[in-house]
Amino acid sequence: MNLEEYFQRIGFDGPFDRVDLAALRSIHKLHVMSIPFENLSVHCGEWITMDLEAIFQKLVRSSRGGWCLENNYLFGWVLREMGFSVTMLGSRVFNSVIDDFAPGEEHLINMVEIDGKAYIADVSFGVSSQIWEPLELISGKDQPQAAGVFRLTNKGNIWVLEKTGRKPEVINPEFSKSSLVNKMQTYQIYCFNLDPREAENFQAKSHTLQTDPASLFTNKSILSLQTPTGFKALVGLIYSEVTYKDEEGVDVLDMRYITEDELDQVLKEQFNVRLQNKMKPANRKACYTI
C-alpha cells in the first residue's frame, strides 16, 4: 500500500506535504467523486473483510468502491499516513421504520483534529446524505454543502447528524411514488459518541450486514457516486442521475430501469466499476431512499 497509488486513484495532485484543513477538504471531496459507495460484493458472492490491504487492493487497484467499513477505514489510513491526527468512531444510523437509531454501531466514521478543532470526515454514506467536505464538530451550526444544510448537535453523551435538503422533482412519472424518493426535507442521518474505535470493533457487524436476511445490504444492491452536480445511483436495476438545483430549491431526479444486459456497461461507463464476478441485482423491500 502506498499513498501515491491512492492519490492517483482520486486524482489528487498535491501539495502532498500539507496537513491542514484545505488538504483534508480537497482529498475528501476527490474521494467521494472517485471511489463509489457500494455493496456489490454481497451480490457477487464475494466476502467483504476488515483487512486493510485487501480493501486497498479492491478500492484503489481494482476499479471498485466499498461501503463505509471499507471506504472510511481506508480514508483514515490515508490521513494518518499524511500526518493527520485521526480517531476512528462508530455511529448508529437512523431507521425510519423504528423511528430511532439502530441499536448497534454499523457505520464507521473518522474524527480529524486540526489546529485545536475537530472535524467529522465521512466519505462513505452515499446518495443525497453524502457530505462532500468534512463537518466541523460544533453543535447547532448550519454547515451548507451541495446536498443541503448539515448540522451536528451535541445531545449530552451523543452527537446527532441531520440534514435539511430540497424538494425532489422526479422527471419520470413512473417513479413519482417510488419508495426510493426521499420526501422528507429535514431528517436525522446518524448519531455517535467520541469513544475511539478500532477495526476489530466492526468485525461482527460486518458479518451480520452481509448475512442477515433482514439487512439492508442483503436485500438491495446499492451503488452511488457523487458528481460535480449531484450524484448517480444504481439500486437493483433502477438507475438514477440526481442534479442539485439549490437556486430553484429542488433536486431533479432522472430515474429509469435498466436491463441486466445493460448492467456491465452502466457500471463501467457511469461508475468506473468493473466486476470480476457476476452480480445478481437486488431491490427487495427494505427502508432505503436516495
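Summary of the structure given here. This structure is a prediction, so every number in the text was calculated from the model and none was measured. Numbering of residues begins from 1 in every chain and follows the order in which that chain's sequence is written. The predicted nature of this model means local features are confined to residues of pLDDT at least 70 and side-chain atom pairs, given and counted, to a pLDDT of 80 or more, with totals for whole chains, interfaces and linings taken over all residues. The basis for the side-chain values is all heavy atoms of the structure; hydrogens and waters are excluded.

1. Details of the overall build of the chain
By definition, any uninterrupted DSSP run of H or I lasting at least four residues is a helix, any uninterrupted run of E lasting at least two residues is a strand, and each is numbered from the N terminus. Looking only at helices and strands, one finds 7 helices and 15 strands in the chain. The C-alpha radius of gyration of the chain comes to 18 Å, within 12% of the 19 Å expected for a compact globule of 290 residues. Taken over the C-alpha atoms alone, the chain extends approximately 50 × 40 × 35 Å along its principal axes. Residue burial in the chain is summarised as follows: out of 290 residues, 54% are buried. The long-range fraction of contacts in the chain, counting pairs at least 24 apart against all pairs at least 6 apart in sequence, stands at 61%. Here, Shrake-Rupley sampling with a 1.4 Å probe gives the accessible areas, and only protein chains in the shown set may cover a residue. When the accessible surface of the chain is split by element, carbon and sulfur atoms take 47% of a total near 13100 Å². Throughout, the radius of gyration refers to the C-alpha atoms, and the reference size of a globule is 2.2 Å times the residue count to the power 0.38. Exposure categories follow from relative accessible area, calculated using a 1.4 Å probe and restricted to protein chains: below 20% of the type maximum is buried, above 50% is exposed, and the middle band is partly exposed. By definition, residues are in contact when any of their heavy atoms lie within 4.5 Å.

2. Some points on the sheet that holds strand β12 (residues 222–227)
Paired through backbone hydrogen bonds, the strands of a sheet run either parallel or antiparallel to each other. Across the sheet, which stays open at both edges, the 6 strands sit in the order β1-β12-β13-β14-β15-β10 with mixed pairing between neighbours. Each edge of the open sheet carries a strand with a single partner, namely β1 (37–38) and β10 (167–170). Every angle, taken between N-to-C directions, lies between 0 and 180 degrees, and every axis is a line fitted to C-alpha atoms, over only the stretch in contact when it is a helix. The strands touched by helix α7 (residues 263–271) are β12, β13 (230–235) and β14 (238–245); relative to β13, the strand with the most contacts, the crossing angle is about 160 degrees. Being paired, for any two strands, means DSSP has found at least two bridges between them.

3. Considerations on the packing of helix α3 (residues 52–61) against helix α4 (residues 68–82)
When two helices pack together, their arrangement is given by the angle between their axes and by how far apart the axes lie. One can describe the packing of α3 onto α4 by two numbers: an axis separation of 10 Å at closest approach and a directional angle of 100 degrees. Considering the angle they form, α3 stands roughly perpendicular to α4. Contacts between α3 and α4 involve L52, I55, F56, K58, L59 and V60 on the former and, on the latter, L69, E70, N71, Y73, L74 and W77. Roughly parallel means an angle under 35 degrees; roughly antiparallel, over 145; roughly perpendicular, 65 to 115; everything else is oblique.

4. Quick notes on the pattern of salt bridges
Whenever a carboxyl oxygen of Asp or Glu lies within 4 Å of a side-chain nitrogen of Lys or Arg, that contact is scored as a salt bridge. Tallied over the full model, the rule gives 13 salt bridges. Its salt-bridge partner being E105, residue R197 comes within 2.7 Å of it at the nearest N-O pair. Of this pair, R197 sits in the loop between β11 (186–192) and α5 (203–211) while E105 sits in the loop between β3 (100–101) and β4 (107–114), and the two are 92 residues apart along the sequence. In this structure E105 comes out as partly exposed when scored by relative accessible area, which is 22%. Linking D142 and R151 is a salt bridge whose minimum nitrogen-to-oxygen distance equals 3.1 Å. With a relative accessible area of 45%, D142 lands in the partly exposed category.

5. Observations concerning α3
Among the residues of α3, L52, I55, F56, K58, L59 and V60 are the ones counted as buried. The inward-facing, buried residues of α3 abut α1 (3–10) and α4. Immediately downstream of α3, the backbone of S63 shows phi near 55 degrees, a positive value.

6. Let's talk about unusual backbone geometry
For the bond from G14 to P15, the omega torsion is 0 degrees, close enough to zero to count as cis. Topologically, P15 is positioned in the loop between α1 and α2 (21–34). Although it is not a glycine, D115 adopts a positive phi angle of roughly 50 degrees. By the secondary structure assignment, D115 is in the loop between β4 and β5 (117–121). The phi dihedral of V127 is positive, around 45 degrees, even though this residue is not glycine. Within the fold, V127 resides in the loop between β5 and β6 (135–136). Given a relative accessible area of 3%, V127 falls into the buried group.

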